[in-house]
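Coordinate analysis (summary)
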Amino acid sequence: MNPSLPLSLDWEDWFQLCCPPFDDLHALDHFEDRLERATDLALQLCAELGAKGTWFCLADQAKRHPDLLRRIVSSGHCIGLHGLTHSRAFTQDRTSFRQSLVRGKAIIEDLSGARVLGFRAPEWSLRNDAIEYWQELPALGFTFDSSRAPLKILGDPAWSRHPYRLAENLWELPPPVMGLGPLTVPLWGWAMRILPEFLLSAELKTLQAEKVGTPLVLHPWELDEQQPPLPQASMGHRFAHRAGLRGYGSRLRKLWSGLNLVSLEAWIEAKESSEAAQSALVLLEAHS
Ligand SMILES: [Zn+2]
């Protein structure tokens, strides 16, 4: 069996950008609801690849689509929290952020029947004023975060590209990035959809060979080729959101074929078991 790579999916609808009017309180009523279609496409892709993943879910969408949430769980996937709504963490003060975690986790756990151990902030937004908000996570029952992107603008290029412990009882699994000439770009989203496949394939092979557990990232709406254009979005947002949508499912079937994709929870469990076995061995050798 190939070394495992964690897979993460951000469960949100096609229009849910982190800016007005898409993050407005009533946005879910204004834009076409295409989440069932996108979820079906992502579940089908995972089933064909024999992949399991962690789906970071929005509580506002879970309330609208409890059946879909349960379908994700019954297909063998794990559920994490992507927020109460799809708004950036640093737009809230720390108390409001903590309350949103408590409410969001409770809603998702009640509706899914599954335990929520992981968190990913919308648009990797544990940055700026929210740079220390991850400290709230352990006391609320979270054992891992996946919000710290080692990239300019979305995070900090100085942050580690590999999983690490933010605290004794909290893992950070940062999203994957790759070098492109003088640039560092995400190994997900627009770059994964448009860069030449041979470059991406080489990066994926490296990630797998490193065995460090950097999680792959997919938004189910990226598989929905028929989605309408985003009205009122900036040129940058339109590019990041729509470039390379056509044929992305087929591209991923090729690029991810043969990868051993597992949930972030499964990767952490295996990692901690291996660390415990290693420690036991060291103790044994010290006493022999
Ligand atoms: Zn998101």
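Residues numbered from 1 in each chain as written. Predicted model: local features only at pLDDT ≥ 70, side-chain atom pairs only at ≥ 80, totals over all residues.

1. Quick word on the overall build of the chain
Looking only at helices and strands, the chain has 10 helices and 11 strands in total. Relative to a compact globule of 288 residues, whose C-alpha radius of gyration would be 19 Å, the chain shows 19 Å and is just as compact. On the principal axes, the C-alpha backbone points of the chain span a range of 70 × 45 × 40 Å. Here the chain holds 288 residues, and the buried ones make up 43% of them. Sequence separation of at least 24 residues holds for 78% of the intrachain contacts in the chain that already meet a minimum separation of 6. (Helix = DSSP H or I, 4+ residues; strand = E, 2+ residues; numbered from the N terminus. Rg over C-alpha atoms; globule rule 2.2 N^0.38 Å. Buried ≥ 20, exposed ≤ 12 C-beta atoms within 10 Å, placed from the backbone. Contact = placed C-beta atoms within 7 Å.)

2. A closer look at the pairing of strand β1 (residues 4-11)
Across the 8 residues that make up β1, a large majority, 7, are buried. Of the strand pairs in this sheet, β1 and strand β11 (residues 260-262) are connected by 3 bridges, and their pairing is parallel. Within β11, the position partnered with Pro6 by the bridge is Val262. Here β1 runs beside strand β10 (residues 216-218); their pairing, made up of 3 bridges, is parallel. Bridging from a neighbouring strand, Leu9 pairs with Leu218 of β10. Direction of pairing for β1 relative to strand β2 (residues 54-58): parallel, over a ladder of 4 bridges. Bridging from a neighbouring strand, Ser8 pairs with Thr54 of β2. (Pairing = 2+ DSSP bridges.)

3. Regarding the nonpolar core
Considering soluble globular proteins, one finds that nonpolar side chains tend to be buried as a cluster. Judged by nonpolar contacts, the single largest core of 70 residues is most densely connected at Cys57, Ala62, Ile108 and Leu261. Beyond its immediate sequence surroundings of up to four residues, Cys57 is in contact with Trp11, Ala62, Leu69, Ile79, Gly80, Leu81, His82 and Ile108. (Core = buried A, V, L, I, M, F, W, Y, C linked by C-beta atoms within 7 Å.)

4. Regarding the pairing of strand β8 (residues 177-180)
The pairing of β8 with strand β9 (residues 183-186) spans 4 bridges and is antiparallel. The residue of β9 that forms the bridge with Val177 is Pro186. Linkage of β8 to β9, two consecutive antiparallel strands, is achieved through a turn of 2 residues, within which Gly181 is found at a positive phi near 60°.

5. Section: the packing of helix α2 (residues 35-49) against helix α9 (residues 248-255)
Two quantities define a packed helix pair, namely the angle between the helix axes and the distance between the axes. Where α2 contacts α9, the axes come no closer than 11 Å and their chain directions differ by 25°. Regarding the angle of α2 to α9, the classification is roughly parallel. Between α2 and α9 the crossing geometry is right-handed. Touching Leu41, Leu45 and Glu48 of α2 are Gly249, Leu252 and Arg253, all from α9. Here the contact of α2 with α9 is built from residues that sort into 3 nonpolar, 1 polar and 2 charged. (Axes fitted to C-alpha atoms, helices over the stretch in contact; angles between N-to-C directions. Parallel < 35°, antiparallel > 145°, perpendicular 65-115°, else oblique. Left-handed = near helix turned anticlockwise from the far one by under 90°. Nonpolar A, V, L, I, M, F, W, Y, C, P; charged D, E, K, R; others polar.)

6. Details of the environment of Cys46
Looking at the secondary structure, you find Cys46 in helix α2. In this structure Cys46 comes out as buried when scored by C-beta crowding, with 23 C-beta atoms within 10 Å. As a C-alpha pair, Cys46 and Arg253 span 207 residues in sequence and 9.2 Å in three-dimensional space.

7. With respect to unusual backbone geometry
Where the residue is not glycine, phi is negative for most of them; where a peptide bond is considered, it is trans in most cases. Residue Pro21 is bonded to the preceding Pro20 through a cis peptide linkage, with omega at 0°. Located in the positive-phi region is Trp124, a residue other than glycine, with phi close to 55°. Secondary-structure assignment places Trp124 in the loop between β4 (118-119) and β5 (144-145). Here the phi dihedral of Lys211 falls at roughly 55°; this positive angle occurs in a residue that is not glycine. Residue placement: Lys211 occurs in the loop between α7 (197-210) and β10. Looking at Lys211, the number of C-beta atoms within 10 Å reads 11, which means it is exposed.

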